[in-house]
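Descriptive analysis of the structure
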Amino acid sequence: MRMLRALIVLIVLLALLGIGFAYSGLSDVSASSKEAPWVRQILVTVKDRAIARRAAGITAPPLADPAMVRTGLVHFSEMCVTCHGGPGVPAVEFAMGLNPDAPSLAKEGADQSPAQLFWVVKNGIKMTGMPAFGPTHTDEQIWAIVAFLKRLPQLDDAGYAAMLKQAGLPAPGAASPEGQGGPGGPGDHRPAAAPPPGAGAPHGPGAPPPPAPRPPAG
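This text gives an overview of the structure that appears in the document. (Residues numbered from 1 in each chain as written. Predicted model: local features only at pLDDT ≥ 70, side-chain atom pairs only at ≥ 80, totals over all residues. Heavy atoms only, no water.)

**Let's talk about the overall build of the chain**
Secondary structure assignment for the chain yields eight helices and zero strands. Starting at the N terminus, the α and β elements of the chain follow one another as α-α-α-α-α-α-α-α. Put simply, the chain has 218 residues, and 22% of those count as buried. In the chain, 61% of the contacts between residues at least 6 apart in sequence involve partners at least 24 apart. Carbon together with sulfur atoms contributes 64% to the accessible area of the chain, which is approximately 15,200 Å² in total. (Helix = DSSP H or I, 4+ residues; strand = E, 2+ residues; numbered from the N terminus. Buried < 20%, exposed > 50% of the residue type's maximum accessible area, 1.4 Å probe, protein only. Contact = heavy atoms within 4.5 Å. Areas by Shrake-Rupley, 256 points an atom, 1.4 Å probe, with all protein chains shown as cover.)

**Details of the packing of aromatic side chains**
The tally for this structure, following the rule as stated, stands at four aromatic pairs. Measuring from ring centre to ring centre gives 4.9 Å for Phe76 and Phe148, while their planes differ by 50 degrees; the resulting arrangement is tilted. On the criterion of sequence distance, the pair formed by Phe76 in helix H3 (residues 66–79) and Phe148 in helix H7 (residues 139–151) is long-range, its members being 72 residues apart. Taking 6.5 Å as the distance between ring centres and 45 degrees as the angle between the ring planes, the aromatic pair formed by Phe148 and Tyr160 counts as tilted. Taken together, the positions of Phe148 in helix H7 and Tyr160 in helix H8 (residues 157–166) put the pair twelve residues apart, joining distant regions of the chain. (Phe/Tyr/Trp six-rings, centres within 6.5 Å; stacked < 30°, edge-to-face > 60°.)

**Section: the layout of surface pockets**
One number sums up the size of the largest pocket: a volume of about 1,600 Å³. As for the largest pocket, its lining consists of 46 residues, and the residues nearest its centre are Lys47, Pro100, Ile125, Lys126 and Thr128. For the lining of the largest pocket, the secondary-structure elements that each account for two or more residues are helix H2 (37–55), helix H4 (81–84), helix H5 (105–111), helix H6 (114–123) and H7. A total of eight residues in the lining of the largest pocket trace back to one element, the largest contributor, which is H2. (1 Å grid on protein atoms, 1.4 Å probe; cavity = no way out; pocket = protein on both sides within 12 Å on 5 of 7 lines; lining within 4 Å. Points joined across faces, edges and corners; volume = space filled by probe spheres on them.)

**Thoughts on the environment of Ala132**
Note that Ala132 resides in the loop between H6 and H7. On the basis of relative accessibility, which here comes to 33%, the residue Ala132 falls in the partly exposed class. Taking C-alpha positions, Ala132 is 9.3 Å from Trp119, a pair spaced 13 residues apart along the chain. Residues in contact with Ala132, not counting those within four places in the same chain, are Val121, Lys122, Asn123 and Gly124.

**Digging into the nonpolar core**
One finds Leu73, Phe76, Phe148, Leu149, Leu152 and Tyr160 to be the most contacted residues of the largest nonpolar core, which totals 27 residues. Counting only elements with at least two residues in this core, the list comes to H3, H6, H7 and H8. The element that contributes the greatest number of residues to this core is H7, accounting for eight residues. Not counting the four nearest positions on each side in its chain, Tyr160 is found in contact with Leu73, Phe76, Val81, Pro87, Val89, Phe148, Leu155 and Pro172. Core analysis: the second largest hydrophobic core is formed by five residues, Ile51, Ala55, Ala115 and Val120 among them. (Core = buried A, V, L, I, M, F, W, Y, C linked by side-chain atoms within 4.5 Å.)

**Details of H6**
Along an α-helix, a turn takes 3.6 residues, which lines up residues three or four apart on a common side. With seven of ten residues buried, H6 lies mostly within the body of the structure. Those residues of H6 lying buried are Ala115, Gln116, Leu117, Phe118, Trp119, Val120 and Val121. On its buried face, H6 is in contact with H2, H5 and H7.

Now the structure itself:
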């Protein structure tokens, strides 16, 4: 009986300590600070085990159809490359501030099973910046993305560029997506050059004359 009471007291104390820590504001929630290695390892383990458990009952369809892989490439170039980058394509500027970092999908494609990739793409992962594609994509479209992700580890820069060309998509670096940082593009944060003198004034025949100076008040 004493052991049971002691256990109950210990549980209550731990709960109070947890509540006190939550309300203390001591935990740094900024994305610019990294977690301690042991905290990160715990979070990664929780994530990996949760994905493996929920993906266990998923059966993948055949993923080798070139048309399916090409469809996945289209979705990858629209939805994934922004944060994760691709062969010869860096992630956009804002993705550099993600915490945790957006992983290399070539590595994930090699390491994860098709069922695990499907579950992650469809459901997303909380508090990581990875959204759920399920509300906006059909299962068929998500399996196409998985098919491309399983092909991705085999692609080098030239192979990826060739696939984009075959699919009728812009080559890497052909356009400056938001945050990518092309001169004058949406991601270019350099100060704009000052306009030359008189750049904003109308010129040429028929332009209205400049307003006459007002006489001094007297």
